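Here are the chains, one letter per residue:
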Amino acid sequence: MSQSMQAGFPIREQVTSFIEGRYTRLAGHELPVVFPGDARRISTLVEAPADEVDAAVRSARAAFEDGRWRRQPVEARQAVMRKVADLVDQHRDELAYLECMNSGIPMRHLQKGQIPRTAYNFRFFAEFLGQHAEKLHGQTDGYLTLVLREPVGVAALIGPWNAPLALTSMKIAGAIAFGNSCVCKPSEVTPLAVARFMELLVEAGVPPGVVNLVNGRGGVTGEALVAHPQVDLVSFTGGTQTARRISASAGEGLKPLSLELGGKSANIVFESADLDRAVDAALVGIFSNNGQQCLAGSRILVQRTVLERFVEAFAQRARKLRIGSPLDPATEIGPLAFQAHRQRVAGYVDIARADGAQLLCGGAPVEALEPGFYFQPTAVLARDNTARVCREEIFGPFATIVPFDTQDEAYAIANDSEFGLVSYVWSDHQPTVMRALSEIRAGMVWINTPMTRDLRAPFGGIKASGYGREGGESSMKFYTFEKTVMLPTVPPSIPRMGI
Ligand code: TXE
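First, a word on what this report is: a plain description of the structure on this page. The structure presented is a predicted model; accordingly, all values stated were derived computationally and were not measured.

1. Here we look at the site of the ligand
Inspection of the region around the ligand gives 27 residues, with Gly159, Trp161, Glu188, Gly239 and Glu393 positioned closest. Between the ligand and Trp161, the relevant distance is 2.6 Å, taken from an oxygen atom to a side-chain nitrogen or oxygen of the residue. In this structure, Leu261 approaches the ligand through a main-chain N or O atom, which is 3.0 Å from a nitrogen atom. Expressed as a share of its isolated accessible area of 820 Å², the protein-covered part of the ligand is 87%. Residue composition of the shell around the ligand, grouped by class: nine nonpolar, 11 polar and seven charged.

2. A word on the environment of Pro106
Checked against the element boundaries, Pro106 lands in the loop between helix 3 (92-103) and helix 4 (107-131). Pro106 sits in the buried class, given a relative accessible area of 0%. Once residues within four sequence positions are removed from consideration, Pro106 is found in contact with Asn290, Pro326, Thr331, Glu332, Ile333 and Gly334.

3. With respect to the nonpolar core
The biggest cluster of nonpolar side chains holds 64 residues, and the ones touching the most others in it are Phe122, Ile172, Ile176, Met198 and Val211. At 10 residues, the largest contribution of residues to this core is made by helix 4. Residues in contact with Met198, not counting those within four places in the same chain, are Phe18, Ile172, Cys184, Val211, Asn212 and Leu213.

4. Some thoughts on helix 11 (residues 339-354)
For helix 11, which comprises 16 residues, the first-to-last C-alpha distance of 24 Å matches the rise-based estimate of 22 Å (1.5 Å per residue) to within 8%. All buried positions along helix 11 are accounted for by His341, Arg342, Val345, Tyr348, Val349 and Ala352. Down the axis, helix 11 shows its buried residues gathered within 115° of arc, on one side only. With respect to the buried face of helix 11, the exposed residues turned more than 90 degrees away are Gln343, Asp350 and Ala354. Of the surrounding elements, those touching the buried residues of helix 11 are strand 18 (378-381), helix 12 (388-391) and strand 19 (398-404). Looking one or two places after helix 11, you find Gly356, whose phi comes out positive at around 85°.

5. A short note on unusual backbone geometry
Cis rather than trans, the peptide bond between Glu370 and Pro371 has omega equal to 5°. Within the secondary structure, Pro371 is located in the loop between strand 17 (358-361) and strand 18. Of note, the phi angle at Leu254 is positive, near 55°, even though the residue is not glycine. By relative accessible area, which is 75% here, Leu254 ends up exposed. Phi is positive for Asn289, which is not a glycine, with a value near 55°. Along the chain, Asn289 falls in the loop between helix 9 (275-287) and strand 16 (299-303). For Asn289, a relative accessible area of 8% translates into the label buried.

6. Considering the side chain of Thr221
Summarising the element assignment, Thr221 is placed in helix 7 (residues 218-227). With a relative accessible area of 0%, Thr221 lands in the buried category. A polar contact of 2.7 Å, which involves the side chain of Thr221, links it to the backbone oxygen of Ala48. Here the side chain of Thr221 touches Asn215 through a polar contact of 3.4 Å, landing on its backbone oxygen. Sequence-distant contacts of Thr221, that is, excluding residues within four places in its chain, are made with Glu47, Ala48, Val53, Lys185, Val214, Asn215 and Gly216.

7. Focus on the sheet that holds strand 9 (residues 143-151)
Taken in spatial order, the three strands of this open sheet run 8-9-24, and their pairing is antiparallel. Among the strands making up the open sheet, the edge pair consists of strand 8 (135-137) and strand 24 (480-488). Between one strand axis and the next, the sheet turns through 25° on average, direction left out of account. As paired strands, strand 8 and strand 9 are joined by three bridges and run antiparallel to one another. Bridging from a neighbouring strand, Leu136 pairs with Leu146 of strand 9.

8. Considering the packing of helix 4 against helix 15 (residues 472-479)
Helices that pack against each other are described as a pair by the angle of their axes relative to one another and the distance between those axes. For the pair helix 4 and helix 15, interaxial distance at closest approach is 11 Å and the crossing angle is 75°. Considered as vectors, helix 4 and helix 15 are oriented roughly perpendicular to each other. Between helix 4 and helix 15, the residues in contact are Phe124, Phe125 and Phe128 and Gly472, Glu473, Ser475 and Met476, respectively. In the contact of helix 4 with helix 15, the residues fall into four nonpolar, two polar and one charged.

9. Overview of helix 13 (residues 407-415)
Looking at helix 13, one finds that the buried residues are Ala410, Tyr411, Ile413 and Ala414. Angularly, the buried residues of helix 13 cover 160° about the axis, an arc narrow enough to put them on a single face.

10. Observations regarding the packing of aromatic side chains
All chains considered together, the criterion is met by 17 aromatic pairs. Ring geometry for Phe270 versus Tyr411: centroids 6.1 Å apart, planes at 55°, classification tilted. With Phe270 in the loop between strand 15 (266-269) and helix 9 and Tyr411 in helix 13, this residue pair connects regions lying 141 residues apart in the sequence. Classification of Phe270 as buried rests on a relative accessible area of 1%. According to the relative accessible area criterion, Tyr411 is buried, its value standing at 2%. Between the aromatic rings of Tyr424 and Trp446, the centroid separation amounts to 5.0 Å while the plane-to-plane angle is 15°, which identifies the pairing as stacked. Pair noted here: Tyr424 is in strand 21 (residues 422-426) and Trp446 is in strand 22 (residues 444-447), with a separation of 22 residues, a long-range link.

11. Considerations on the sheet that holds strand 3 (residues 14-15)
In any sheet, the strands associate via hydrogen bonds between backbone groups, in a parallel or an antiparallel arrangement. Read across the open sheet, the three strands follow the order 3-7-6; overall the sheet is mixed. A single partner strand is all that each edge strand has here, and the edge strands are strand 3 and strand 6 (30-35). Where strand 3 and strand 7 (residues 40-46) come together, two bridges link them in parallel fashion. If you follow Gln14 over to strand 7, its bridge partner there is Thr44. Along the sheet face, helix 3 touches strand 6 and strand 7 and points at about 105° away from the line of strand 6.

Conventions we followed
Residues numbered from 1 in each chain as written. Predicted model: local features only at pLDDT ≥ 70, side-chain atom pairs only at ≥ 80, totals over all residues. Heavy atoms only, no water. Near = heavy atom within 4 Å. Polar contact = N/O pair within 3.5 Å; in protein donor to acceptor, adjacent residues only side chain to side chain. Areas by Shrake-Rupley, 256 points an atom, 1.4 Å probe, with all protein chains shown as cover. Nonpolar A, V, L, I, M, F, W, Y, C, P; charged D, E, K, R; others polar. Helix = DSSP H or I, 4+ residues; strand = E, 2+ residues; numbered from the N terminus. Buried < 20%, exposed > 50% of the residue type's maximum accessible area, 1.4 Å probe, protein only. Contact = heavy atoms within 4.5 Å. Core = buried A, V, L, I, M, F, W, Y, C linked by side-chain atoms within 4.5 Å. Expected span 1.5 Å × (residues − 1). Arc of directions from axis to C-beta. Pairing = 2+ DSSP bridges. Axes fitted to C-alpha atoms, helices over the stretch in contact; angles between N-to-C directions. Parallel < 35°, antiparallel > 145°, perpendicular 65-115°, else oblique. Phe/Tyr/Trp six-rings, centres within 6.5 Å; stacked < 30°, edge-to-face > 60°.

No statement about biological role is implied by the geometric values presented.
Here it is as C-alpha cells:
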C-alpha cells in the first residue's frame, strides 16, 4: 500500500483491517483521519463492515482453536511478549508521532509516557505469566482439588481515542498473555498507531490471527464485533452511553464485560494541604493529556479557608500553560482530538454561566491556532455541586472548582456524583487522610500525589464509571476462567448401582 511521508515517518494513506497478519480490503466506506493540530486530512480509514468483522473473529477463533499461541510453552510466549516490548522501544518515536498526528496528544507526553507504557504493558504481563500459580485444595480426603485457569477464547477489545495505543496494548497484553486470541477495534478517530502496532506484533512473533484489528464506527464495526456469536468476552474503555449499548448486546450473548468508563472525579484540597503541591497536581490532574482523560481530577473541591489562595495560583498558572502544536516539544497542551468534541467542550462555558458559575480563566477556542481544534485551559468556580459542570464529564481542559467548609461536606460533595472512578486527596493531617480513605466511594484514591498507576493493582470504577477491573491479577481473572479438577490420590470407592 502506498504511503505518504510526514516529517520523517510514513503515514499509511489508508487504514484498513488487519486480519491473519495482513492489511485487508482497499475499498469500502471511508472516513477521514485528521491531524487535530491543523484539521488536515492525513489518512483515510476504510471501515470494516459486518462481513469483515466476521472474517476477523473467525480468524481469531481458528487461532485459538488450533492452539498456535495458547499451546506454546509459557517461556516461548514470554519471549515473544518481551520482543514486542523491545520493538515498541525501538519504534518509540514513530509510534509517538503517529499517535500525536492522530490524537493531538503532545509528542513529549507520548515519548515519555504512553509509548513506554505500551512497552511496559507487554513486559509486565510477560513477567506476570511466569509468576502466577494455580490453586490446589488438599482438604478433601483422598483427593487433590486443582483449580486451573484457562483462556476464555476470543476477546473483543474496544478502545477510546484519548490514549489509543497505551490502553489498547494493555488489553491486548492481558488477553494474549493467558492464551486468548483477540480482535481490537480502536476508535475511528485514532486508528494510526494501533494499526502500526499490529505489524510489530507479527514481527515479534505473535502468530498471525492471534491479534486481529478491525477499524470503523462504533455503530457499524463495533456493534458487529460485540454481537458476534464467536466473541467470548468484551473489554471496553469509552463513554457511559456507549457502554450501555455494549452491555445490552453483550448481555444478550451472556458475555463477560469489563467497562472502564468516564468520571467526574473529586480532587479534594483541605486547608491542611501543602498548597503549592496541591496546585501543581491539580493542574496536571485536569490539563495533562489535553484534559482528555478518564482519571482527570475535574471537580476540584477546595476548603473555603484556602479557596482564594488556591484559585489565584491555579488560574494564574493555567493562563501560562503553553498551548501549541503537539509536535512541538515545548507544548504542554495540544488540540482536542476532533472538531465536534471541541464544540462540545466549548458549549460547557455557556452551560457554566447559566448555572451561575464564575469564569476564572480561558473559556474560548485559540483563534491564533485555527483551524486546529485548540481550546484555552479553562477553569470555573461553581456555586455548588448541582451545576452541570459538576455533574457531567466534559473531557477537556476544563476545571470546575467547588468550595466546601467542613470535612463532612467535602465527602458529601465528592460522593454526590453519578460517577465513581477515582479521587485525589490533599492534606498533611493524618487523621484527615485516614478518614478520606474510608469515606470516598471510588475505584481508586490517590493521597498527596497526582495520578500514578501500578499495573499490579486493579483499576476500574463504580456506578456510571463502569465495572470490572483490569491490571495484574484482575486481568488474569477477567481473561481466564477457572476449571476445577478433582484428582483422586487413590482410586475412590464407587457405589455400585444397578446390580
Ligand atoms: O466515545 P465512545 P465518544 C467519555 C468522554 C467523552 C464521551 C463520549 O466523556 O466525551 O465518553 O466519547 C466505540 N458498539 N469518554 O462518544 O463512543 C467507538 O467506536 C461497540 C471517556 O467519542 O465511547 C470507540 O472505539 N463499540 C473515556 C469506543 O467505542 C462502540 C474515553 C469509544 O467511543 C459503539 C473516551 C457500539 N455501539 C470517551 N459505539 C475514558 N474512559 O477514558 C461506539 N463504540
